[in-house]
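Listed here are the chains, written in short residue letters.
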Amino acid sequence: MTRRSHARRAEDRRRRFARIRAILAGGLVLGVGGSLTMAAWADSEFGQATFTASRFDTESSINSGTSWADSTAAAPLSFAFPAGGMSPTTVKYAPFWVRTKALSLDGTLALQPPTNGNAALAGAMRYRVVRYPVGATCGAALFQAGANPAPTSFIVGTAGAAGSAATSVALTNAVALPTTSVAANQGAATQFCFEVSMNSDAANELQGQSVTAVWEVKASSSS
């Protein structure tokens, strides 16, 4: 075989190898392109919720619900006790109603012992408080044993029954008082009736003196 034939064969092999390399290179490019087209599509879903704080607001009335107001420590409502001064054995009654405002939660009410600015006169006066039902009138009948309609509960003092005397509390006494409920969303008012009396043995030198008793009803929401 001539040298020229060997050279031609060698050239043919180089050409075949070049074609193979080109094909392989193309395959690699196609492989890369194929992997790109197989990548996963991405998507997301979202959810949200808006939260609004609840409300708990109360208001009070001293005229059996005819009008309502936001009373404060700086501007308390003045109980509508009958006019006239207090004398030994005098007893007076006045209503104080509390309810929630529209859209308010329900809760509990806790009557606090009164504050006063005249300990001598306050010590000669006593009080009782009942929670009474709708339709009843704030007055002496609510505080009697076996009253009809009976008060829902005594908040301060007792009616006295079965041979026991009724009990009341001095305006100076910082007694712990029970709580009671108040309905939600301007529902039925919680109706308190206050009884305030002067002791039969009140000292003569108390004549003409004055004392301002301020009761606070602390309200707490149920949730």
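You'll find the structure just up there.
Rules and cut-offs
Residues numbered from 1 in each chain as written. Predicted model: local features only at pLDDT ≥ 70, side-chain atom pairs only at ≥ 80, totals over all residues. Heavy atoms only, no water. Helix = DSSP H or I, 4+ residues; strand = E, 2+ residues; numbered from the N terminus. Buried < 20%, exposed > 50% of the residue type's maximum accessible area, 1.4 Å probe, protein only. Contact = heavy atoms within 4.5 Å. Areas by Shrake-Rupley, 256 points an atom, 1.4 Å probe, with all protein chains shown as cover. Disulfide = S-S within 2.5 Å. Pairing = 2+ DSSP bridges. Axes fitted to C-alpha atoms, helices over the stretch in contact; angles between N-to-C directions.

For this particular structure, what's the right way to read the overall build of the protein?
Along the protein, the regular secondary structure elements total two helices and nine strands. Helices (α) and strands (β) of the protein occur, in sequence order from the N terminus, as α-β-β-β-α-β-β-β-β-β-β. Buried positions account for 27% of the 223 residues belonging to the protein. A separation threshold of at least 6 residues defines the contact pool for the protein, and within that pool the share at least 24 residues apart is 76%. Split by element, the accessible area of the protein, about 14100 Å² in all, is 55% carbon and sulfur.

What's the story with the environment of alanine 219 in this structure? I'm lost.
Residue position: alanine 219 is located in strand E9 (residues 217-221). Relative accessible area serves as the criterion here: at 30%, alanine 219 is assigned to the partly exposed category. Linking alanine 219 and aspartate 106, residues 113 residues apart in sequence, is a C-alpha distance of 9.6 Å.

Would you take a moment to explain the state of the cysteines for this structure?
Disulfide: a covalent bond formed between the sulfur atoms of two cysteine residues. Counted according to the given criterion, the structure contains one disulfide. Disulfide partner of cysteine 138: cysteine 193, at an S-S distance of 1.9 Å. For the disulfide bridge between cysteine 138 and cysteine 193, the dihedral angle about the S-S bond is near 75°, and by the sign convention the bridge is right-handed. Taken together, the residues span a long stretch of sequence, with cysteine 138 in the loop between strand E4 (125-131) and strand E5 (153-156) and cysteine 193 in strand E8 (residues 190-198) at a distance of 55 residues. Using a relative accessible area of 17% as the deciding quantity, one classes cysteine 138 as buried. For cysteine 193, a relative accessible area of 0% puts it in the buried group.

So what exactly am I meant to see when it comes to the sheet that holds E9 here?
Through backbone hydrogen bonds, the strands of a sheet pair up, either in parallel or in antiparallel fashion. Taken in spatial order, the three strands of this open sheet run E7-E3-E9, and their pairing is antiparallel. Each edge of the sheet is formed by a strand with only one pairing partner; in this case those strands are strand E7 (179-182) and E9. Each adjacent strand pair in this sheet contributes to an overall mean axis angle of 30°, direction not counted. When strand E3 (residues 107-111) meets E9, the two strands line up antiparallel, connected through five bridges. Residue pairing for E9: threonine 108 is matched across the bridge by serine 220.

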